[in-house]
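Coordinate analysis (summary)
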Amino acid sequence: MLGWIILLSTLGVSWGLLYQKSASSYKDCGEFQMDGLRLQKLAPPMLYLLDRVRFAGRFPIFFFKVQRSVQKMCGERRVGDFTLIFLAEMLSYSWLLLTAGALFSLLMGGDSAGFGIGAMLAVLIPAALVTDLHRKVVRREQEIIMELPELLNKIILLVGAGETVQKAIRHCLERKRDQDNHPLYRELLQMSREMDSGYSFQQALESFSKRCGIQEVAAFTTAVLLNFRRGGSDFALALRDLSHSLWEKRKAVSRTRGEQASSKLVFPMLLLFLIIVVLVGTPAFMAMSL
């Protein structure tokens, strides 16, 4: 019992001391909004620890992988700060789960099972956060690939009708105002804002490609930048060739999604089969025993 009291007190007091040291330095961490973050107000102590141990320098490969995923979700602006906030979220969950495990062991009369469960969750929950972040990045890329062929077809039609590429993209954005949460149109809207603020079309398009970070978008921007000045039939032909390859890619993504959906149904179907077997077989066994 005494050991659990000491452990619980150590975790609580150390967190309080860390918060006292870090609150003034990281007081703006609550302003960072990212999908999946819920413990920004508890982040200062963990940010202080990450800074003191120089996490990015000690674990550069892991930090770079997380940073790449965070960059695709939040953009290039302050991506390092967003990455540290995400890592602090992981550590905050681990700290809270360890504290809760020690508290449960104390309430259970010294049984170490409570702390064992807390320690196990303290490892699994951060790993689940990283996996969920990667899953969101993959879903974002798939949504862009699924929508890009339709956007390209509309641009081809508008350019063929006499519009410039810039006006064609703006026209597509106006028609999709209700889908501003879609990752592709969100990035295109950002590109439109950049052109309004003085960026050239080439600079805005290259920035759009970097933010998306997808090979198909890079091929789209390259084809546009290489051919849009020439215009005419050569430009339309280049976009049609690209459109064909993008539609094939969309078919592949749709096929992959269908396979994933069918694989997710295997366990529920197996569980339903076992329930039916039990419901049908139990009366038969009972009749045989009689």
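Structural notes, computed from the coordinates. (Residues numbered from 1 in each chain as written. Predicted model: local features only at pLDDT ≥ 70, side-chain atom pairs only at ≥ 80, totals over all residues. Heavy atoms only, no water.)

We now examine helix α5 (residues 79-107). Here α5 is 29 residues long and its end C-alpha atoms lie 42 Å apart, about the 42 Å a rise of 1.5 Å per residue gives. Two residues or fewer past α5, G109 is found with a positive phi of approximately 80°. (Helix = DSSP H or I, 4+ residues; strand = E, 2+ residues; numbered from the N terminus. Expected span 1.5 Å × (residues − 1).)

Here the idea is plain: a probe the size of a water molecule rolls over the atoms and shows the empty space left. For the largest pocket, the calculated volume is near 780 Å³. What lines the largest pocket is a set of 28 residues, and nearest its centre among them are M73, C74, G75, R186 and E187. Among the elements of the structure, α4 (60-74), α6 (113-160), α8 (183-196) and α9 (201-212) are those that each provide at least two residues to the lining of the largest pocket. Of the residues forming the lining of the largest pocket, the biggest block, seven residues, is contributed by α8. Here the residues of the lining of the largest pocket sort into five nonpolar, six polar and 17 charged. Estimated volume of the second largest pocket: approximately 250 Å³. For the second largest pocket, the lining is made up of 16 residues, of which Y26, L47, D81, L84 and I85 are closest to its centre. Those elements that place two or more of their residues in the lining of the second largest pocket are α2 (43-53), α3 (55-58) and α5. (1 Å grid on protein atoms, 1.4 Å probe; cavity = no way out; pocket = protein on both sides within 12 Å on 5 of 7 lines; lining within 4 Å. Points joined across faces, edges and corners; volume = space filled by probe spheres on them. Nonpolar A, V, L, I, M, F, W, Y, C, P; charged D, E, K, R; others polar.)

Below, the discussion takes up the nonpolar core. In summary, soluble globular proteins display a tendency toward joint burial of nonpolar side chains. Core analysis: the biggest nonpolar cluster contains 35 residues, and L151, I155, L188, M191, F208 and F220 have the highest contact counts within it. If near-sequence neighbours (up to four positions away) are discounted, L151 is found in contact with C172, L184, Y185 and L188. Counting 25 residues, the second largest nonpolar core, distinct from the first, contains C29, A43, L87 and W95. (Core = buried A, V, L, I, M, F, W, Y, C linked by side-chain atoms within 4.5 Å. Buried < 20%, exposed > 50% of the residue type's maximum accessible area, 1.4 Å probe, protein only. Contact = heavy atoms within 4.5 Å.)

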